Amino acid sequence: MTSISTFMYFAFGSNLLRERLQMMNPSATFHSIGRLKDYNLNFGVRGEKMSNRWHGGVATIEESIGNEVWGVIWKMNRDDLPNLDKQEGVDKGIYRPLEVKVDTHEGEVVCRTYQMNDFRAMLPSPPYKQVICLGAKQNGIPSDYIRKLEAMKTNDYNGPSIFDDIRRAME
């Protein structure tokens, strides 16, 4: 029996920025953009936790018939799976991995993605929204979906965030 040495990862949130994903997962290569049907993009925190490095809600997906979430599909070596799980907070119980079927221009692709545990809705911070919108533009997400992302309300946080580190990595 041969084991598959790569897997596909569907990034729907801030991981859309190549620089952020590749900091911890050097094998990640862009595969395509895709659409996850019957899910909705939402923002929040796990349980009662009020603060995080983003100073507001972070992205997750929720089942929602008739809705869709656009994102990026990355091809990665299985060796990077522990890094990706750690980056997504699986070890801390923040997210759990899911297997989803994502539509692409080449057909359906089975991907790994993540869904927040004990979700409680909370508006994202302006820096987090900016990362998501930049990533969507950087990777060619359809413009009507980008407009939807740009219209998201934020919590008006105005201070330092992890986005400062990402900006430095992009330079």
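Residues numbered from 1 in each chain as written. Predicted model: local features only at pLDDT ≥ 70, side-chain atom pairs only at ≥ 80, totals over all residues. Heavy atoms only, no water.

With an unreviewed UniProt entry as reference, the chain is termed Gamma-glutamylcyclotransferase, source organism Anguilla anguilla.

> An account of the pairing of strand β3 (residues 58-77) is needed here, citing residue identities and associated values.
Two elements, strand β1 (residues 6-11) and β3, share six bridges in a ladder whose sense is antiparallel. Counted as the bridge partner of Met 8 is Lys 75 from β3. Sheet topology places strand β2 (residues 29-46) next to β3; 14 bridges connect them, and they run antiparallel. If you follow Thr 29 over to β3, its bridge partner there is Lys 75. (Pairing = 2+ DSSP bridges. Helix = DSSP H or I, 4+ residues; strand = E, 2+ residues; numbered from the N terminus.)

> Break down the UniProt feature "active site" (unreviewed entry) in the chain for me, citing the residues and quoting the values.
Look at the UniProt record and you will see "active site" (unreviewed entry) annotated at Glu 88. For Glu 88, the position within the fold is in the loop between α2 (81-87) and β4 (95-104). Judged by its relative accessible area of 12%, Glu 88 is buried. Within the structure, the side chain of Glu 88 is placed 2.9 Å from the side chain of Tyr 9, a separation counted as a polar contact. (UniProt positions renumbered as here; feature names shortened; annotations may be inferred. Buried < 20%, exposed > 50% of the residue type's maximum accessible area, 1.4 Å probe, protein only. Polar contact = N/O pair within 3.5 Å; in protein donor to acceptor, adjacent residues only side chain to side chain.)

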